[in-house]
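An overview of the molecular structure
Chain residues, written in single-letter form:
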Amino acid sequence: MVSITYLSHSAWLIKNGEHTILIDPFLSGNPLATVKKDDVKADYIIVTHAHGDHLGDAIPIARANKSLIITNFEIANYCSANGVSAHSMHIGGGHNFPFGRVKLTPAWHGSSFPDGSYGGTPAGVLITIDGKTIYHSGDTGLFLDMQLIGQMNSIDVFLVCIGDNFTMDINDAVKAVEFVKPKLTIPMHYNTFDVIRSDPEEFARKVKEKGFNARILGINESYSF
Ligand code: NI
Ligand code: MN
């Protein structure tokens, strides 16, 4: 049994009873997050890109927990230079970890660090754990190759950005769901800031109209499958 908990924005905690994997832990300075960085425990931290609202507290959490950060080559180097362990990979590549498999997928976005330095290319991520596959879109615009991701992987849960402005809006995210064909989709990356205001109920309704399942998770709410 895998459980995923929505910490807000693009931050998720995945657990299977043995391992805990944190994704894009933007907690400090996040107006929606109620969990504090000092209260999060994680064995692994996946970072999709270097923007501050995704790299977030990854380094201090990794330092406190001796977590392994899994991310692209450029961000991994940055993490190593900051004294935490990192596993470097890149788009199209996968790797088997003790908890399961991680593969980085394309994402159309940017990936500079908060100081403007180069953070490689942004990514989405496929995580396979206990035979279940989660696809976290990262920050991205809609792209047709999502069809290929859906054809080559049986996606149990698709975590998809819907906030517009920096990423897909609701209608593009609904099209992404049609491409990926997940068993369930859960929206993310909305309402954290005014510029990404979006209505998850409208998204869920439109997904269901297309014959797919959608579920909205509140902050700190979990879903098990
Ligand atoms: Ni971003
Ligand atoms: Mn973002």
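Preceding block: the structure.
These numbers were taken from a predicted model, which means no experiment stands behind them.

With that settled, the discussion passes to the coordination of the manganese ion (ligand 2). Taken together, the protein ligands of the manganese ion (ligand 2) are Asp53 (OD), His54 (NE2), Asp139 (OD) and His189 (NE2), with distances of 2.1 to 2.3 Å. Here the manganese ion (ligand 2) and the nickel ion (ligand 1) are spaced 3.1 Å apart, and both take Asp139 as a donor. According to the relative accessible area criterion, His54 is buried, its value standing at 0%.

Turning next to the sheet that holds strand S12 (residues 184–188). Reading across from one edge, S7-S8-S9-S10-S11-S12 is the order of the six strands in this open sheet, with mixed pairing throughout. Pairing within the sheet leaves two strands with one partner each, and these edge strands are strand S7 (94–97) and S12. On average, each strand axis in the sheet is tilted by 20° relative to the strand beside it, whichever way the strands run. Across five bridges, strand S11 (residues 157–161) lies against S12 in parallel orientation. Each bridged residue has a counterpart across the sheet, and for Val157 the counterpart in S12 is Leu184. Packed onto the sheet, helix H5 (residues 170–180) meets strand S10 (132–136), S11 and S12 and runs at close to 155° relative to S11.

With that settled, the discussion passes to the coordination of the nickel ion (ligand 1). Distances from the nickel ion (ligand 1) to its protein donors, His49 (NE2), His51 (ND1), His109 (NE2) and Asp139 (OD), fall at 2.2 to 2.3 Å. Coordination geometry of the nickel ion (ligand 1): the four donor atoms subtend angles of 86 to 173° at the metal centre, consistent with an arrangement described as irregular. Positions of the donor residues of the nickel ion (ligand 1) along the chain correspond to the pattern H-x1-H-x57-H-x29-D. Residue Asp139 is classed as buried on the basis of its relative accessible area, which comes to 2%.

The topology assignment puts Asn16 in the loop between strand S2 (11–15) and strand S3 (20–23). Residue classification places Asn16 among the buried residues on the basis of a relative accessible area of 14%. Of note is the side chain of Asn16, whose polar atom sits 3.0 Å from the backbone nitrogen of Glu18. Within polar-contact distance, the side chain of Asn16 engages the backbone nitrogen of His19 at 2.8 Å. Other than its neighbours up to four places away in sequence, Asn16 contacts Met1, Ile129 and Asp130.

Conventions and cut-offs
Residues numbered from 1 in each chain as written. Chains lettered and ligands numbered in written order. Predicted model: local features only at pLDDT ≥ 70, side-chain atom pairs only at ≥ 80, totals over all residues. Heavy atoms only, no water. Donors = N, O, S within 2.8 Å, 3.2 Å for Na, K, Ca; no water. Buried < 20%, exposed > 50% of the residue type's maximum accessible area, 1.4 Å probe, protein only. Pairing = 2+ DSSP bridges. Helix = DSSP H or I, 4+ residues; strand = E, 2+ residues; numbered from the N terminus. Axes fitted to C-alpha atoms, helices over the stretch in contact; angles between N-to-C directions. Contact = heavy atoms within 4.5 Å. Tetrahedral: all angles 85-135°; square planar, octahedral: opposite > 155°, others 65-115°. Polar contact = N/O pair within 3.5 Å; in protein donor to acceptor, adjacent residues only side chain to side chain.

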